[in-house]
Amino acid sequence: MAEAASPGPEVPRRGFNWDMLAALMAVFVGLCALGVSLYTARLQRQQVEAQAWPYLQLWRSDAERRFNLSNRGIGPAQVRDMRVFVDGAEVESWGDAFARLVGRPLQCSRLSYISRRVLAANEDVAMLEFCDDADFAAFNAADARMQREFCYCSVLGDCWLLSERAANEDEFLRAVDRCPVGAPGRFR
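Quick caveat, the model's predicted, so the values are computed rather than measured. (Residues numbered from 1 in each chain as written. Predicted model: local features only at pLDDT ≥ 70, side-chain atom pairs only at ≥ 80, totals over all residues. Heavy atoms only, no water.)

Enquirer: Honestly, the sheet that holds strand 2 (residues 66-71) in this entry has me stumped. Any pointers?
Expert: Adjacent strands of a sheet form backbone hydrogen bonds with each other and so pair up, either parallel or antiparallel. Within the open sheet, the four strands sit side by side as 1-2-7-5. Their pairing is antiparallel. The open sheet is flanked by strand 1 (56-61) and strand 5 (109-111), the only strands paired with a single partner. Neighbouring strand axes in the sheet, compared pairwise and without regard to direction, differ in orientation by 20° on average. Pairing of strand 2 with strand 7 (residues 124-130) involves five bridges; the strand directions are antiparallel. Paired with serine 70 across the strands is aspartate 124, a residue of strand 7. (Pairing = 2+ DSSP bridges. Helix = DSSP H or I, 4+ residues; strand = E, 2+ residues; numbered from the N terminus. Axes fitted to C-alpha atoms, helices over the stretch in contact; angles between N-to-C directions.)

Below is the structure:
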């Protein structure tokens, strides 16, 4: 008797692997969700930075005989350091600056401590206020020989250097990694 032919090993059928397609689609959807999440987190960080952004400005009031510092940003400014230079040399106080600029001691003034101070949004601080017109006029006339620098940070830790010593307008206010840049100033 002849033996019946036995079927050989089963040959896999070639066809479309729907399970593989579903797995790849799940990976693709997951990567898209991750991308959207990262983009949303970046946008939220930028929005928080904008809401906490400080912006310091220097200005002078001739009528009130004073030099002011203002925060015109949206968030508080943590002033970490202040430096004052007269003819390129760092000075230690407004009295020292006045003596170098005018050649005599400062007679009467009111001073505000700026370094290591927090200025709220839209807060103005009179850094130096003169009691009489003669001192103010003498100081004001020599103001071009003086440069001020302020290093300040937002509550998020982003920091800027506002420097009248800058070589150009682009460097007048620039972002820095941290404050103080180098060693803290001597100005008190």
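Enquirer: It is not clear to me how the state of the cysteines should be interpreted in this structure. Could you clarify?
Expert: A covalent bond bridging the sulfur atoms of two cysteines is what the word disulfide describes. Evaluated as defined, the whole model comprises three disulfides. A disulfide bridge connects cysteine 108 with cysteine 131, and the sulfur atoms are separated by 2.0 Å. Residues cysteine 108 and cysteine 131 share a disulfide whose torsion about the S-S bond is about -60°; that sign makes it left-handed. In this pair, cysteine 108 is assigned in the loop between helix 2 (94-102) and strand 5 and cysteine 131 in the loop between strand 7 and helix 3 (133-141), connecting sequence segments 23 residues apart. Covalent S-S linkage joins cysteine 153 and cysteine 159, the inter-sulfur distance amounting to 2.0 Å. Residues cysteine 153 and cysteine 159 share a disulfide whose torsion about the S-S bond is about 95°; that sign makes it right-handed. The burial state of cysteine 153 is the same as that of cysteine 159; both residues are buried. (Disulfide = S-S within 2.5 Å. Buried < 20%, exposed > 50% of the residue type's maximum accessible area, 1.4 Å probe, protein only.)

Enquirer: Would you take a moment to explain the packing of aromatic side chains for this structure?
Expert: One pair of aromatic rings is described through two measures. These are the centre distance and the angle between the planes. For the structure on display, the rule yields 11 aromatic pairs. Geometrically, the ring pair formed by phenylalanine 16 and tryptophan 18 is edge-to-face, given 4.7 Å between the ring centres and 65° between the ring planes. With relative accessibility at 55%, the residue phenylalanine 16 sits in the exposed group. For tryptophan 18, a relative accessible area of 60% translates into the label exposed. For the ring pair phenylalanine 130 and phenylalanine 139, a centre distance of 5.2 Å and an interplane angle of 50° mean the geometry is tilted. Grouping residues by exposure puts phenylalanine 130 and phenylalanine 139 together as buried. Here a set of aromatic residues connected by ring pairs shows up, and it is made of Phe67, Trp94, Phe98, Phe130, Phe136 and Phe139. Its end group placed over the ring of phenylalanine 85, arginine 165 keeps NZ or CZ at 3.7 Å from the ring centre. (Phe/Tyr/Trp six-rings, centres within 6.5 Å; stacked < 30°, edge-to-face > 60°. Lys NZ or Arg CZ within 6 Å of the ring centre and 35° of its normal.)

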